[in-house]
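Structural overview for review
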Amino acid sequence: RIISVNRTELEMLGYTLEERIGQFVWSSITEEDKSRQTVLDKLAGVIPPSRSLERTYRRKDGTTFPALIQDQFLRDKDGRIASIRSTIQDITEHKRAEEDLRKSDERYRSLFNGLPIALFRTTPEGQIVDSNPALMEMLGYPNRESLMAINAAETYANPEDRIKWKTSMDLEGIVRNYEKQLRRL
């Protein structure tokens, strides 16, 4: 049961101090059964305190929000676990940003894979780290993995072309309208 709570948590959940004191810790968590078992296991010393445990909290008005929980054990004079001190951080904005990034990545990946123009990314040393289907088709590779297993230099018909490209890239940071002959598999 909750024995003390700060103003920030009260405001976050919409309760008064009197309403929150004495409640079970898991009473405001949507995964109540799972949370109850976790708390009891922690108090029994079966599992360690959490450093970044995500849970969904339910406010007094019924709305929910994602939270990150970090906790530590408070021990009595004999070293036994007496209680758990937890901090709760509302990570709604973080989750929104993650979702926005995921959607952006999906849009990028769709565009990257759907273009009929050969696209690829390499490390400065020439290791291919990504390619689109148009490049695989152009060079005759059956899949992305087989293409990524080689160095970009191996795709050049003339090895000097790769050296010239790399020099230009190192100097300018970008290469445009660079013609070269590539070798098919």
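Details of the structure are given in the entry above.
Residues numbered from 1 in each chain as written. Predicted model: local features only at pLDDT ≥ 70, side-chain atom pairs only at ≥ 80, totals over all residues. Heavy atoms only, no water.

**Things to note about the pattern of salt bridges**
Tallying each qualifying case throughout the model produces 17 salt bridges. Put simply, Arg 20 and Glu 9 hold a salt bridge, and the shortest N to O gap is 3.1 Å. On the criterion of sequence distance, the pair formed by Arg 20 in helix H2 (residues 17–20) and Glu 9 in helix H1 (residues 7–13) is long-range, its members being 11 residues apart. Here the two residues Arg 20 and Glu 9 agree in accessibility, since each one is buried. Put simply, Arg 36 and Asp 33 hold a salt bridge, and the shortest N to O gap is 2.4 Å. In this pair, Arg 36 and Asp 33 both sit in helix H3 (residues 32–43), 3 residues apart, roughly one turn of the helix. Residue class for Arg 36 comes out partly exposed when judged on its relative accessible area of 29%. (Salt bridge = Lys/Arg side-chain N within 4 Å of Asp/Glu carboxyl O. Helix = DSSP H or I, 4+ residues; strand = E, 2+ residues; numbered from the N terminus. Buried < 20%, exposed > 50% of the residue type's maximum accessible area, 1.4 Å probe, protein only.)

**Structural notes on the sheet that holds strand S2 (residues 64–75)**
Strands sit in the order S1-S2-S3 across an open sheet of 3 strands; the sheet is antiparallel. Looking at which strands have only one partner, the edges of the open sheet turn out to be strand S1 (53–58) and strand S3 (81–90). For this sheet, the mean inter-axis angle between neighbouring strands, taken without regard to orientation, is 45 degrees. Here S1 pairs with S2 via 6 bridges, running antiparallel. (Pairing = 2+ DSSP bridges. Axes fitted to C-alpha atoms, helices over the stretch in contact; angles between N-to-C directions.)

**Details of the pairing of strand S5 (residues 128–131)**
Here strand S4 (residues 120–122) pairs with S5 via 3 bridges, running antiparallel. Note that in S5 the partner of Thr 122 across the bridge is Ile 128. Adjacent in sequence and paired antiparallel, S4 and S5 are bridged by 5 residues, among which Gly 126 carries a positive phi angle near 100 degrees.

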